[in-house]
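# Reading the structure
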Amino acid sequence: MPGLLESCERHFGTSDLYKVLGVRKEAGEGEIRRGYHRVSLKVHPDRVQDGEKETATAEFQILGKVYAVLSDKEQRALYDEQGIVDEETDTLSQDRNWEEYWRLLFKKITVEDIKAYEEKYKGSEEEKNDIISAYMDFEGDLDGIMESVPCADFEDEPRIRQIIQKAIKSKEIPSYDTFVKETKKKREQRKKRAHEEAKEAEEMKKEMGLGDDNDDLKALIQKRQNDRKKEMDGFFDQLEAKYCSNSKKAPSKSKAPKRGKK
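None of these values were measured; they are calculated from a predicted model.

When helices and strands are tallied, the protein shows 15 helices and zero strands. Across the 262 residues that make up the protein, the buried fraction comes to 41%. Looking at the protein as shown, the accessible area adds up to about 15500 Å², and 47% of this sits on carbon and sulfur atoms.

Its 13 residues place the ends of helix 11 (residues 157–169) 18 Å apart at the C-alpha level, agreeing with the 18 Å of an ideal helix rising 1.5 Å per residue. At the C-terminal side of helix 11, K171 shows a positive phi close to 65 degrees.

Our next topic: the packing of aromatic side chains. Evaluation of the coordinates by the stated rule reveals four aromatic pairs. Summarising the aromatic geometry, the rings of Y36 and Y67 are spaced 4.7 Å apart at their centres and angled 10 degrees between planes, so their arrangement reads as stacked. One end of the pair, Y36, is in helix 3 (residues 29–43); the other, Y67, is in helix 4 (residues 53–70), and 31 residues separate them in sequence. Assessed through its relative accessible area of 0%, Y36 is described here as buried. For Y67, a relative accessible area of 4% puts it in the buried group. Look at Y135 and Y176: their rings are 5.3 Å apart centre to centre, the planes differ by 40 degrees, and that puts the pair in the tilted class. Of the two residues, Y135 sits in helix 9 (residues 125–137) while Y176 sits in the loop between helix 11 and helix 12 (177–180), which places them 41 residues apart along the sequence. Here the two residues Y135 and Y176 agree in accessibility, since each one is buried. Taken together, the ring pairs connect Y135, Y176 and F179 into an aromatic cluster.

A few words on the environment of Y101. Residue placement: Y101 occurs in helix 7 (residues 98–105). Linking Y101 and A68, residues 33 residues apart in sequence, is a C-alpha distance of 10.0 Å.

A few words on unusual backbone geometry. One non-glycine residue, E139, adopts positive backbone phi at about 50 degrees. The topology assignment puts E139 in the loop between helix 9 and helix 10 (142–148). Residue E139 is classed as partly exposed on the basis of its relative accessible area of 22%. If you check the backbone angles, K171 has positive phi at about 65 degrees while not being a glycine.

What follows covers the packing of helix 9 against helix 11. The geometry of a pair of packed helices is captured by two quantities: the angle between their axes and the separation between those axes. The N-to-C vectors of helix 9 and helix 11 enclose an angle of 75 degrees; their axes lie 10 Å apart at closest approach. By the angle between their directions, the pair helix 9 and helix 11 is classed as roughly perpendicular. Two secondary-structure elements touch here, helix 9 through E127, K128, I131, I132 and Y135 and helix 11 through R159, I160, I163, I164, A167 and I168.

Right, let's talk about the packing of helix 4 against helix 5 (residues 73–82) for a bit. Relative to each other, helix 4 and helix 5 sit at 95 degrees, their axes nearing to 6 Å. Taken together, the axis directions place helix 4 and helix 5 in an arrangement best described as roughly perpendicular. Facing helix 4, whose interface residues are A68, V69 and L70, helix 5 presents Q75, R76 and Y79. Its residues assigned to classes, the contact of helix 4 with helix 5 shows four nonpolar, one polar and one charged.

As a further point, take the environment of T55. Tracing the chain through its elements places T55 in helix 4. When its relative accessible area of 44% is taken as the criterion, T55 is described as partly exposed. Sequence-wise, T55 and V43 are 12 residues apart; in three dimensions their C-alpha atoms are separated by 8.4 Å.

Okay, the confidence of the model for the protein next. If pLDDT is low for a region, its predicted coordinates should not be looked at in detail. Counting all residues, the mean pLDDT for the protein is 77, and 70% of those residues have values of 70 or more. Of all the helices and strands in the protein, helix 14 (residues 214–227) carries the lowest mean pLDDT, 47, while helix 11 carries the highest, 95. This stretch, residues 221–234, has a pLDDT under 50; its non-local contacts, to residues over four places away or in other chains, come to 22 contacts. Counted against residues more than four places away or in other chains, residues 245–262, with its pLDDT under 50, gives 42 contacts.

So, on to the pattern of salt bridges. What the rule picks out here adds up to 15 salt bridges. In the salt-bridge network here, residues are joined through shared partners; they are E118, K122, E127, D153, D156 and R159.

Checked against the element boundaries, S124 lands in the loop between helix 8 (111–121) and helix 9. Side-chain polar atoms of S124 contact the backbone oxygen of Y121, separated by 2.5 Å.

The rules we used
- Residues numbered from 1 in each chain as written.
- Predicted model: local features only at pLDDT ≥ 70, side-chain atom pairs only at ≥ 80, totals over all residues.
- Heavy atoms only, no water.
- Helix = DSSP H or I, 4+ residues; strand = E, 2+ residues; numbered from the N terminus.
- Buried < 20%, exposed > 50% of the residue type's maximum accessible area, 1.4 Å probe, protein only.
- Areas by Shrake-Rupley, 256 points an atom, 1.4 Å probe, with all protein chains shown as cover.
- Expected span 1.5 Å × (residues − 1).
- Phe/Tyr/Trp six-rings, centres within 6.5 Å; stacked < 30°, edge-to-face > 60°.
- Axes fitted to C-alpha atoms, helices over the stretch in contact; angles between N-to-C directions.
- Parallel < 35°, antiparallel > 145°, perpendicular 65-115°, else oblique.
- Contact = heavy atoms within 4.5 Å.
- Nonpolar A, V, L, I, M, F, W, Y, C, P; charged D, E, K, R; others polar.
- pLDDT = per-residue confidence, 0-100.
- Salt bridge = Lys/Arg side-chain N within 4 Å of Asp/Glu carboxyl O.
- Polar contact = N/O pair within 3.5 Å; in protein donor to acceptor, adjacent residues only side chain to side chain.

So, in structure tokens, the structure goes:
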């Protein structure tokens, strides 16, 4: 039976555990958890077509093991120092139910959770830190920033721009041409996409006969998720990964190192 590193190479094209999860080698606990959640959603057996389930199940199990290694201080230290994984540990050698393990980490959230969080989050220091981190991650690409920052919609763009401009002026972050010289055409394309998504949501509400109460909103979100199985980095999923794990964590106060566009 192939080892974890060999399995990663076979299924994900790399034996680098950090690359498998799409995170930095210096990543903290929260970033590793988010990376695991993001990638595992793409291959979750419940979210793929029947013909893909066997492969997805294998990859889902591999991702669980990768996360188990990187979230364990001793195992991670061994991997970082020697580039090997101890296959004999209980975590990797036991026949664990990885789907159950996954659900323990990422509990479901409600519409009320989303609304309450959004009210608390927007305008907070945490939001500012996330905006600055996204700016660094995407080297000023506002498309990536707007998709990355939780709760951000097109109406928030002027406010987000001001936060970034202020940070640039104070030399807290570098000035990327991608941001400061963004073309009018690109801004208009982003605006158009936002309007199309809003229109689509409104039309879907009418087709389904939905109102504006919480149950109707929840039904709409669930239907849109089912219709977009391949879109795994949406707002709802980001929120689950970042803020609704069983283990509470404090927001990072540090800026994310420059990683380039994703």
